[in-house]
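# Analysis of the macromolecular model
Here's the letter readout for the chains.
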Amino acid sequence: PRPIILDCDPGHDDAISVILALSSDALDVLAVTTSAGNQTPDKTLNNALRVLTLLGRHDIPVAGGAPKPLARELIIADNVHGESGLDGPKLPVPAFAPVTQSAIELMAQKVRACEQKVTLVPSGPLTNIALFLSAHPELHHKIDSIVLMGGAAGVGNWTPTAEFNIFVDPEAADMVFKSGLPIVMCGLDVTHQAQIMDEDIERIRAIDNPVAQCVAELLDFFMIYHRDPKWGFSGAPLHDPCTIAWLLKPELFTAVDCWVGVETQGEHTQGMTVVDRYQLTGKPHNARVLFDIDREGFVALIAQQLKHYQ
Ligand code: BDR
Ligand code: CA
């Protein structure tokens, strides 16, 4: 199995991403670390523990990360994810505690100890990943790639030009995109196509196990924010699970290697990812950017994987 570390800010779609990753024998989840983003760091850490408790995966080490972005105050998305960060389902209280190390120390320990190269899968602001990369240059050669949810070649979802994860910590994102490590960017271009519809939620609800029931309830809540007609969606965009779907079934996607820059200063464009899809700058590509997804194949993958929790 491919060794991965999930760095997340659960978050409804983060939770589903964790559930999807742990459903597959093809992935070996070495650790779950949490970032501040969708909610405050104490809540995202607690939510990761609640999700792993639901899955009975007390064997996975969990560590909390940086309390706030590198150079800014934290912005949270409680308008999307609610007061707890995972409003909706009744999740168990954590049956285990985080490890004593920080997220950065746990990443370093796991990457150092792993015989294979490790894939980092961030689905929140990139603060922890940036701190890890700058603290441990000696471990860069042990990183296979960074498969992240964040950014957009087109329009934003938090400002007209910025996606939430990058907007929260643009300085961290800038460091990650400049790291020279292989990056796969699952941005809004693809995640806004990865919509889950009402009938898909019913299909998941019909899967007779507690994990699928929880996913259906997470989706019921996640749907509320995305029903606003201003988005023009028919369902809810399942951003973060696109990272895992890419790892499990890359043939569901189309991708283009691009140069990507992060706007840290712009008057109207702070947190924007500038994606040179047509090689207009001549700058060498630093990311594989996902542009399209087979939506039905994606939903089928999720439904199929959830049956593994039987
Ligand atoms: C991203 O922001 C968060 O609210 C989601 O969990 C996802 O990671 C989408 O912009
Ligand atoms: Ca997230």
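Structure: see above.
Residues numbered from 1 in each chain as written. Chains lettered and ligands numbered in written order. Predicted model: local features only at pLDDT ≥ 70, side-chain atom pairs only at ≥ 80, totals over all residues.

### Looking at the overall build of the protein chain
Regarding its fold elements, the protein chain presents 12 helices and 11 strands. For 310 residues, the compact-globule estimate of 2.2 N^0.38 gives 19 Å, and the C-alpha radius of gyration of the protein chain, at 18 Å, lies within 12% of that figure. For the protein chain, the spread of C-alpha atoms along the three principal axes comes to 50 × 45 × 35 Å. The burial tally for the protein chain puts 53% of its 310 residues in the buried class. Here the analysis covers contacts within the protein chain between residues at least 6 apart in sequence; of these, 82% occur between residues at least 24 apart. (Helix = DSSP H or I, 4+ residues; strand = E, 2+ residues; numbered from the N terminus. Rg over C-alpha atoms; globule rule 2.2 N^0.38 Å. Buried ≥ 20, exposed ≤ 12 C-beta atoms within 10 Å, placed from the backbone. Contact = placed C-beta atoms within 7 Å.)

### Here's the deal with the packing of helix α9 (residues 198-205) against helix α10 (residues 210-226)
Following both chains from N to C, one finds α9 and α10 inclined at 155°, their axes separated by 8 Å at the closest point. Considering the angle they form, α9 stands roughly antiparallel to α10. Where α9 crosses over α10, the two elements pack in a sense that is left-handed. Facing α9, whose interface residues are Ile 201, Ile 204 and Arg 205, α10 presents Ala 212, Gln 213, Val 215, Ala 216, Leu 219 and Asp 220. Split into classes, the residues belonging to the contact of α9 with α10 amount to six nonpolar, one polar and two charged. (Axes fitted to C-alpha atoms, helices over the stretch in contact; angles between N-to-C directions. Parallel < 35°, antiparallel > 145°, perpendicular 65-115°, else oblique. Left-handed = near helix turned anticlockwise from the far one by under 90°. Nonpolar A, V, L, I, M, F, W, Y, C, P; charged D, E, K, R; others polar.)

### With respect to the site of ligand 1
Near ligand 1 lie 15 residues; those nearest to it are Gly 11, Asp 13, Ala 77, Phe 164 and His 239. Contributing elements (two or more residues each) for the shell around ligand 1: α1 (12-21) and α6 (164-168). Residue classes in the shell around ligand 1 are distributed as four nonpolar, seven polar and four charged. (Near = placed C-beta within 6 Å.)

### A few points about the sheet that holds strand β4 (residues 118-122)
Pairing in this open sheet of nine strands is mixed, and the strands run β3-β2-β1-β4-β5-β6-β11-β9-β10 from one edge to the other. Looking at which strands have only one partner, the edges of the open sheet turn out to be β3 (62-64) and β10 (273-276). Across the sheet, the mean angle separating the axes of adjacent strands is 30° when strand polarity is ignored. As defined by bridge partners, strand β6 (residues 183-186) adjoins strand β11 (residues 287-293) across two bridges and the pair is classed as parallel. Looking across to β11, one finds that Met 185 is bridged to Val 289. Sitting on the sheet, α1 is in contact with β1 (2-8) and β2 (27-34), with an inclination near 165° to β1. This element, helix α7 (residues 170-177), spans β5 (143-149), β6, β9 (253-262) and β11 of the sheet and lies at about 115° to β9. (Pairing = 2+ DSSP bridges.)

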